[in-house]
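The chain contents come next:
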Amino acid sequence: MFCFQCQQTAHNTGCDGKAGVCGKKADTANYQDELIGALIGLARAARAGTPTPHTDELILKGLFTTITNVNFNNETILQCKTEIEKEKAAVGPGQLDDYDLAALWAAGEDVRSLKSLILFGLKGMAAYAYHARALGRTDPAVNAFFYEALEAIGAEKTPDELLALVLKTGEVNLACMALLDAANTGAYGDPVPVTVPLTIEKGPFIVVSGHDLHDLKLLLDQTAGRGINIYTHSEMLPAHGYPELKKYPHLKGNFGTGWQNQQSEFHNIPAPILFTTNCLMPVRQSYSDRVFTTSVVSYPELTHIGDDKDFTPVIEKALECGGYPEDHPMTGMNGGSTVMTGFARNAVLSHAEQIVWLVREGKIRHFFLIGGCDGAAPTRSYYTDFARMTPPDTLILTLACGKYRLNDMDLGSIEGIPRVLDCGQCNDAYSAIRIALALAEAFGCGVNDLPLTLVLSWYEQKAVCILLTLLYLGLRNIYLGPTLPAFVSPNVLDFLVKQYNLTPTGDPKTDLEKILNRQ
Ligand code: FS2
Ligand code: SF4
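About the criteria used
Residues numbered from 1 in each chain as written. Chains lettered and ligands numbered in written order. Predicted model: local features only at pLDDT ≥ 70, side-chain atom pairs only at ≥ 80, totals over all residues. Heavy atoms only, no water. Pairing = 2+ DSSP bridges. Helix = DSSP H or I, 4+ residues; strand = E, 2+ residues; numbered from the N terminus. Axes fitted to C-alpha atoms, helices over the stretch in contact; angles between N-to-C directions. Contact = heavy atoms within 4.5 Å. UniProt positions renumbered as here; feature names shortened; annotations may be inferred. Buried < 20%, exposed > 50% of the residue type's maximum accessible area, 1.4 Å probe, protein only. Domains from an automatic or database assignment. Buried area = accessible area lost by both parts, 1.4 Å probe. Salt bridge = Lys/Arg side-chain N within 4 Å of Asp/Glu carboxyl O. Polar contact = N/O pair within 3.5 Å; in protein donor to acceptor, adjacent residues only side chain to side chain. Nonpolar A, V, L, I, M, F, W, Y, C, P; charged D, E, K, R; others polar. Core = buried A, V, L, I, M, F, W, Y, C linked by side-chain atoms within 4.5 Å. Expected span 1.5 Å × (residues − 1). Near = heavy atom within 4 Å. Parallel < 35°, antiparallel > 145°, perpendicular 65-115°, else oblique. Left-handed = near helix turned anticlockwise from the far one by under 90°.

Bringing the sheet that holds strand 5 (residues 273-275) into the picture now. Across the sheet, which stays open at both edges, the six strands sit in the order 4-3-2-5-6-7 with parallel pairing between neighbours. Where the open sheet ends on each side, the last strands, each with one partner, are strand 4 (251-254) and strand 7 (303-305). Neighbour-to-neighbour, the strand axes of this sheet turn through a mean angle of 30°, independent of strand direction. Bridge count for strand 3 (residues 229-232) against strand 4 is three bridges, and the pairing is parallel. Paired with Tyr231 across the bridge in strand 4 is Gly253. The strands touched by helix 11 (residues 312-321) within the sheet are strand 2 (205-209), strand 6 (291-294) and strand 7, with strand 2 carrying the most contacts at an inclination of about 135°.

What follows is the structure, given as structure tokens:
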């Protein structure tokens, strides 16, 4: 096996041998490579033939399946590959070969680096397109780009051609995130700020993890009036802000912290856990009978909820486990008992005039976007420390699961505006971008001239596509950590540093002083 697609890759060079750091076994990694090779074959066939909506769907499903912490199950990966081969024969003219990913891993380091940026960016974007599709939204331009870019990964290309495609991946991902934003807000309304308790109330409950709001909605419907409470976990937390989801009285609160803590947090809870997407970690025996998967998530021997979305096995398990006999108070990573969410673009921009005034009055000195993925690396304490050190006249936007490092801190407020504003899931980077662009317009300046610094944490491939979108938009001076991607070659890094002043995170105090003194 060879895999270097995520931040925790072995020695920050690549996972090989018998298994990856995430627990993905060598045969599973190899099957995932074969799956990507088959998708490149399907893209070749589709570009030469006539793809159908089913072809589009298979591309998204196949790519999403290979994202870190989604699928550990050889059986479902091979089933997906068989479906792809069948579709290839149906849409393409004659027999077109699959691609062998060994050729990519053995390519010269710059070509390998650029193609990896495209491939991993596509994986992240596929997840967003998949969620939008579940809510009935598709974009033909986004679909067409998957074929174009996958075909390019399997073709001879110059570094310049690949670099153009890297930025185009960022451009198309912006459209894809806009599509998902429209799908989510169209279905569930614009998020509103809300305080979310971390206490688990007594009685049966279900914990729902992942990003799929549609799955959560279906579960809320199926559990209504059954005496079962629902708690979000990890990236599902922002669901509480959506009017059409928050109206369910049994959507009670949030359970736990970042995904990397799940093995200890799930160990003895008296309730089942449903994974709608990543990040699923190898499941310990102590709670394996209580974990359920759905959609592209799959793990050997766990009960999988199929496309009929009949959550009866999860509901029965919740009733069997019974929950806590009394209310069970829990806290966040900094001891807080509640967190806030729902500060998506509409909620923040409804205060735009006040925010602009506060900046002009010198009451807001700087904005930070501190967010992205969480993960197990001890150096991720950087983000906690950085947030804690930010001066009281600064605002922090946050998003994705990296927020758990700071979302329960009491950092106060500025003239009634909380200093920590949770914009949502990782795909709600779209909201943060809209907020930044609106502020730039209000101040009559470019987005790089705003008193705004992005301090990003990355882990898996959705973060890659978001980073490419930020680069496509020309955003400079981004801090990125806790390590730089292993798949960025020295030449590609040199380009990113020179062109965008992309900066690796260092010491939080030094970085913060540097940022604030640059003004
Ligand atoms: Fe966090 Fe994991 Fe959002 Fe990532 S829960 S690292 O999937 O996409 O973020
Ligand atoms: Fe290693 Fe990450 Fe790949 Fe898992 S997904 S095998 S941890 S690089």
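Moving on from the model shown.
Next up on the list: the UniProt feature "modified residue: Cysteine persulfide" (unreviewed entry) in the protein chain. Under the UniProt annotation, the feature "modified residue: Cysteine persulfide" (unreviewed entry) is placed at Cys373. Here Cys373 shows up in the loop between strand 9 (366-372) and helix 14 (381-389). With relative accessibility at 6%, the residue Cys373 sits in the buried group. Residues contacting Cys373, with those up to four places away along its chain left out, are Arg380, Cys401, Gly402, Ser457, Trp458, Tyr459, Glu460 and Ala463.

Turning to the domain arrangement of the protein chain, a few remarks are in order. Along its sequence, the protein chain is organised into domain 1 (10-187), domain 2 (194-321) and domain 3 (342-518). When each unit is reduced to the centre of its C-alpha atoms, the spacing between domain 1 and domain 2 is 28 Å. Contact with domain 1, which involves 20 residues of that partner, is made by 18 residues of domain 2. Note on domain 1 versus domain 2: buried area summed over both sides is about 1,500 Å², and carbon and sulfur give 60% of it. In terms of surface lost to domain 2, no three residues of domain 1 exceed Asn69, Val70 and Phe72, which account for 34% of the buried area on that side. Taken together, the connections running from domain 1 to domain 2 amount to zero salt bridges. The interface formed by domain 1 and domain 2 holds six residue pairs in polar contact (both at pLDDT 80 or more) in total. Of all the secondary structure elements, the ones that give two or more residues to the side of domain 1 that touches domain 2 are helix 2 (53-65), helix 5 (109-134) and helix 7 (159-188). Across the side of domain 1 that touches domain 2, the residue classes tally to nine nonpolar, 10 polar and one charged.

Counting residues in each nonpolar core, the largest one holds 121 residues, and the members touching the most others are Leu63, Leu119, Leu122, Phe146 and Leu150. The dominant element in this core, judged by the number of residues it contributes, is helix 5, at 13 residues. Setting aside chain neighbours within four positions, we find Leu122 in contact with Leu63, Phe145, Phe146, Ala149, Leu150, Ile153 and Thr169. If you look at the next biggest cluster of nonpolar residues, it comprises 22 residues, including Val208, Ala239, Leu251 and Ile305.

Taking 1.5 Å per residue as the helical rise, helix 6 (residues 140-153) with its 14 residues ought to reach 20 Å, and the 20 Å between its terminal C-alpha atoms agrees with that figure. For helix 6, the complete set of buried residues consists of Val142, Asn143, Phe145, Phe146, Tyr147, Ala149, Leu150, Ala152 and Ile153. Looking at the buried side of helix 6, the elements it contacts are helix 1 (26-48), helix 2, helix 4 (101-105), helix 5 and helix 7. One side-chain oxygen of the residue at the start of helix 6 lies 2.8 Å from the amide nitrogen of Ala141, identifying that residue as Asp139.

Our next topic: the site of ligand 2. Neighbouring ligand 2 are 13 residues; Cys3, Cys6, Cys15, Cys22 and Thr68 lie closest to it. Taken together, the residues that form the shell around ligand 2 break down as seven nonpolar, five polar and one charged.

Taken together, His211, Ser234, Glu235, Trp259, Asn278, Cys279, Cys373, Cys401, Cys426, Tyr459, Glu460 and Lys462 form the complete shell of residues around ligand 1. Take Glu235: an N or O atom from its side chain is 3.3 Å from an oxygen atom of ligand 1. With respect to ligand 1, the side chain of Glu460 contributes an N or O atom lying 3.0 Å from an oxygen atom. For the shell around ligand 1, a count of residues per class yields six nonpolar, three polar and three charged. Lining the shell around ligand 1 are residues from two domains, each supplying at least three of them: domain 2 (194-321) and domain 3 (342-518).

Attention now moves to the packing of helix 13 (residues 352-360) against helix 15 (residues 429-443). When two helices pack together, their arrangement is given by the angle between their axes and by how far apart the axes lie. The geometry of helix 13 relative to helix 15 is characterised by a closest axis approach of 11 Å and an angle of 60° between their N-to-C directions. Judged by the angle between their axes, helix 13 and helix 15 are oblique. Crossing of helix 13 over helix 15 shows right-handed handedness. For the pair formed by helix 13 and helix 15, the contact residues are Ile355, Val356, Val359 and Arg360 on the first element and Leu439, Ala442 and Phe443 on the second. Looking at the contact of helix 13 with helix 15 residue by residue, the class counts come to six nonpolar, no polar and one charged.

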